[in-house]
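Topology and contacts: notes
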Amino acid sequence: MNKQQLSRRAFLKLAAASSSGIALAGMGPLRNIAAAQDTVELTFGRHWEAAFRPRQAEYDEGFMERHPDIKINITYNTWADHNNVVPAWAAAGTLPDIIYVHGSRATPWAHEGIIIDIHDIVVADEEFNVEGMWEESVRLYRVNGRIHALPYDHGPIILGYNKDMFDAAGMDYPGEDWTMEDFAEAARALTNPDAGVWGWDGRLDLGNGGSGFFLGAWGGATMNDDESAMIIDTPEAKEALDFWYNLTHNENVGASGAEMEAFPNQQPFRFGVAAMGHIATWSTPSMRAQANFEWDVAPTPMGADGTRKTGAFGSGYGITPTSDKPDVAWRYLREYLSVDGMIFMWSLSGRGSPARPEGLEAWLTSDPAPPSGHYFLEAMFDYAVTGPPFQSLAAAQVSQILSREANLLRLGEASVEEAIATITEEGNAALDAVADM
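Here's a quick rundown of the structure.

1. Focus on the pairing of strand β8 (residues 274-280)
The buried fraction of β8 amounts to seven of the seven residues, a majority that puts the element mostly inside the structure. Strand direction decides the pairing type here: strand β7 (residues 198-200) and β8, joined by two bridges, are parallel. Looking at the pairing, tryptophan 198 lines up with alanine 274 of β8.

2. Things to note about empty space enclosed by the protein
Think of a ball as big as a water molecule: rolled over the atoms, this probe shows where empty space is left. Evaluated as defined, the whole model comprises one cavity of 30 Å³ or more. In this structure, the largest cavity occupies an estimated 80 Å³ of space. Along its surface, the largest cavity is lined by Trp200, Gly202, Arg203, Leu204, Leu241, Trp244, Tyr245, Thr248, His249, Leu409 and Arg410. Of all the secondary-structure elements, those providing two or more residues to the lining of the largest cavity are α10 (235-250) and α17 (395-411). For the lining of the largest cavity, the leading source of residues is α10, giving five residues. Counted by class, the lining of the largest cavity contains six nonpolar, three polar and two charged residues.

3. Observations concerning the pattern of salt bridges
One pass over the full model with this rule turns up 18 salt bridges. Here aspartate 69 makes a salt bridge to arginine 331, at a shortest N to O gap of 3.0 Å. Of the two residues, aspartate 69 is situated in the loop between α2 (53-66) and β2 (70-76) and arginine 331 in helix α13 (residues 326-336); the sequence distance between them amounts to 262 residues. Residue class for aspartate 69 comes out buried when judged on its relative accessible area of 3%. Using a relative accessible area of 6% as the deciding quantity, one classes arginine 331 as buried. Between arginine 334 and glutamate 127 there is a salt bridge, and its shortest N-O distance comes to 3.5 Å. With a gap of 207 residues between them, arginine 334 in helix α13 and glutamate 127 in the loop between α5 (119-124) and α6 (135-138) connect regions that are remote in the sequence.

4. Examining the packing of α2 against α13
Across the interface, α2 lies against α13 with an axial gap of 12 Å and an inter-helix angle of 120 degrees. On the basis of their axis angle, the class for α2 and α13 is oblique. Crossing angle aside, the handedness with which α2 passes α13 is right-handed. From α2, Gln56, Tyr59, Asp60, Phe63 and Arg66 reach across to α13, where they touch Arg331, Tyr332, Glu335 and Tyr336. Considered class by class, the residues forming the contact of α2 with α13 number four nonpolar, one polar and four charged.

5. Comments concerning the layout of surface pockets
Within this model, the second largest pocket holds a volume of roughly 370 Å³. Considering the residues around the second largest pocket, the lining is formed by 19 residues, among which Thr107, Asn144, Gln391, Ser392 and Leu393 are closest to the centre. Going through the elements one at a time, α4 (106-111), β4 (142-143) and α18 (416-434) are the ones with two or more residues in the lining of the second largest pocket. The greatest single-element share of the lining of the second largest pocket, amounting to three residues, is contributed by α4. In terms of residue class, the lining of the second largest pocket is made up of eight nonpolar, seven polar and four charged.

Thresholds applied
Residues numbered from 1 in each chain as written. Predicted model: local features only at pLDDT ≥ 70, side-chain atom pairs only at ≥ 80, totals over all residues. Heavy atoms only, no water. Buried < 20%, exposed > 50% of the residue type's maximum accessible area, 1.4 Å probe, protein only. Helix = DSSP H or I, 4+ residues; strand = E, 2+ residues; numbered from the N terminus. Pairing = 2+ DSSP bridges. 1 Å grid on protein atoms, 1.4 Å probe; cavity = no way out; pocket = protein on both sides within 12 Å on 5 of 7 lines; lining within 4 Å. Points joined across faces, edges and corners; volume = space filled by probe spheres on them. Nonpolar A, V, L, I, M, F, W, Y, C, P; charged D, E, K, R; others polar. Salt bridge = Lys/Arg side-chain N within 4 Å of Asp/Glu carboxyl O. Axes fitted to C-alpha atoms, helices over the stretch in contact; angles between N-to-C directions. Parallel < 35°, antiparallel > 145°, perpendicular 65-115°, else oblique. Left-handed = near helix turned anticlockwise from the far one by under 90°. Contact = heavy atoms within 4.5 Å.

Here it is in structure tokens:
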């Protein structure tokens, strides 16, 4: 078998050895698909935090019971290290069979031969139903029109708010008709410097998920559609950045600098000292565990012209070219990324961002989901757009530039004009460097 691409022949071989559907134990009909053969070891490179690993272990134990010919062996990296460790594994020829792939890494890693083309087997497996995934999620992993990995999660960024603070102030909660100016007026009204309370948490994110939330209402963006050039130097993007910068540094309604640094993970909203913050579906378990106040979510506020837009992003899994068992790897992924697999791993655990609509719908009844969690679902259907960079081979470099400059803006150590100029110059240089690769 050509290891760079799972062929239709590999799929037919897999299908011949399998007599089951994808349904998981306890969630529907199950027939064992284990072939009569010696046990094979399936290796993984993942990054789950310690708190979520028991959930993964529970899933994998069930999978091995259903497939006694497969033994699972996981190497866990930290989130901070994973994207550097994987290329090192590739250089050393020690890649595991399956690896976690952040959406921004799919195109570069496909180009570098770290993940393989699995398009044929995915499309041929009608029972898996890749078309049932959010299109916004799958397109992260299409390289030259072909699928090289698959998403397990994908979620939008919308507005979170502290219900207790709104109640104490006698103010109406954020509504579906809110504009960004309505948001700003509420933030001003809810700021109380004497009590150490801000109306807005002061965070600024220009990365994959955040740029749509912070720039979209004004029609701004960080990059053009094909990610060949930075476009953050437009009047629309500048107006958006001026809005956020002024709220934090001129009007003092958002935490900034050392104020934000005082909170774990720079999350003043989560710790009850900011009335509003931007929040993703995958943040909800942490909110439920750490917030000691009543909170909820609302749609991302609109621009003055009624434009509503936000960012969305996610992660997935891919099969590596050094794996000598890609057919076995697919046996795992087709269950893990099925509707039932996503509901078990992400919906019922409360993580809230499964890459299938059925999974997000199931999450709405989980304990960590906020009362108005349906606004996440509406965002995915109506106005969330996958945020760049993810198509460019320079995605990692551009992401680092955007993160650094957003942080400097948040700290007040760069002006809007300086940040725009730096992002434009350095971002375009990074894009030009890979243009002919």
